[in-house]
Amino acid sequence: MKSKRIRRAVRSVHPEREKGDAPARLGRISKIRLWFLPIMRRTKRRGKRVPEQSVEHRKRINRWTVRIGALAMASLAFAIWKGMPFQTERTTATPVAPAMRDDSEIRVKSRFKSLGEEESLKLVKGAMEIRDPKQVETYFRMGKSTPDEVIAFLENMPQSDGLITSYQWMGSMDANDLTMDGVVVAFDHSGAPRNRMAMLVPDEKEQWRVDFPAFSRQVEPGWDAILSGEAKQATVRVYVAEDNYFNGVFVEEGHWLCVSMGSPDTDEVLIGYFKSGSPQAAALRQISAVEVPASRTVLEIKRVEGGGSRQVEITRVVAEDWVVGDAPFDRKFE
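Conventions used here
- Residues numbered from 1 in each chain as written.
- Predicted model: local features only at pLDDT ≥ 70, side-chain atom pairs only at ≥ 80, totals over all residues.
- Heavy atoms only, no water.
- Phe/Tyr/Trp six-rings, centres within 6.5 Å; stacked < 30°, edge-to-face > 60°.
- Lys NZ or Arg CZ within 6 Å of the ring centre and 35° of its normal.
- Buried < 20%, exposed > 50% of the residue type's maximum accessible area, 1.4 Å probe, protein only.
- Helix = DSSP H or I, 4+ residues; strand = E, 2+ residues; numbered from the N terminus.
- Pairing = 2+ DSSP bridges.
- Contact = heavy atoms within 4.5 Å.
- Axes fitted to C-alpha atoms, helices over the stretch in contact; angles between N-to-C directions.

Caption draft 1: Expanded view of the packing of aromatic side chains. Applying the stated criterion to the full structure yields eight aromatic pairs. Each residue in the set Phe140, Phe153, Phe212 and Phe215 is aromatic and connected to the rest through ring pairs, giving one cluster. For arginine 196, the ring lying beneath its charged end belongs to phenylalanine 215, and the centroid distance is 6.0 Å. A cation sits over an aromatic face here: arginine 296 above tryptophan 322, 5.6 Å from the ring centre.

Here it is as structure tokens:
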């Protein structure tokens, strides 16, 4: 498999003042006529009779003063309300491609007891060394793969990823209501560092195994078919980051939300769209709450008639990381 990092995109810088920034200058200020001063004036001599026309004029001025004052207070209250913390807005200046951080930099604390560093490293090292199909189920959680496919993948790793240089235990990395431990397997490919995440998951008998679909970054039916447009629907393991590219059939920014999707196994970046207010929107919002450049997730996508070559619709958020649980992750938001 080809592996290449996707570079972090550079946010555009706008000279306009953003909300909350102090103004660089006040600009031109119009003079204000103090038309309300007659309200405060008194007659010079006591007992002077004020003409009815003047009384009516002052009453009219008072009424307008109250109205304008009320409007100013309402505007001020609205401005304060818009600035409250519970008012969330989606940022418009966003990266055009997910910038992927090394797995060795990501640690997730767990409320569950982990397998432990020594046992995790021992299990992953043993899994990388097996070449007998009969031993695969002892070390791997295979998903839809066969033992022969797992062995073929392991045998091809020196060509696709390089030689293994180190193992690093990441501790607990629970997701999708699953208890998981993580170990980063680092490679050297002709001087270029690469890595894969071995995610360890216990079964009902508390036997821990490496999740092979996550380790191999499986996609269905395959990146060639997905990128060529041959596959109209697909399941992908990708990094996602918020984006703001709205065009073509996805031009309505108020109706769609947008993310860029990348994988170490392809140079191409897909742009995914999902409906605002949908369970998928809520699921991806929770996944992206972790402060990392891009988040791992498993998505179901489909081609939309009239969409661009890189544009797809996200129809399901299958998992919040690359290990798939018993139920789709977005189902809890329905």
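On we go from here.
Caption draft 2: The arrangement of the pairing of strand E7 (residues 256-262) in detail. Most of E7 sits inside the fold, with seven of its seven residues counted as buried. Residues of E7 alternate between two faces, with Trp256, Cys258, Ser260 and Gly262 on one and Leu257, Val259 and Met261 on the opposite face, all of them buried. Strand direction decides the pairing type here: strand E6 (residues 233-242) and E7, joined by four bridges, are antiparallel. Within E7, the residue paired with valine 240 across the bridge is methionine 261. Note: E7 against strand E8 (residues 270-275), six bridges, orientation antiparallel. Residue cysteine 258 lies in a different strand from E8, and its bridge partner there is tyrosine 273.

Caption draft 3: Local environment of the sheet that holds strand E4 (residues 192-202). The strand order E1-E5-E4-E3-E2 describes an open sheet built from five strands, whose pairing is mixed. In the strand order of this sheet, the two ends are held by strand E1 (140-141) and strand E2 (163-172), each with one partner. With three bridges joining them, E4 and strand E5 (residues 208-211) adopt antiparallel strand pairing. Across the sheet, leucine 200 pairs through a bridge with valine 210, a residue of E5. Its contacts with the sheet place helix H3 (residues 117-129) against E1, E2, strand E3 (181-189), E4 and E5, and it is angled at close to 145 degrees to E2. Sitting on the sheet, helix H5 (residues 147-160) is in contact with E1, E3 and E4, with an inclination near 45 degrees to E3.

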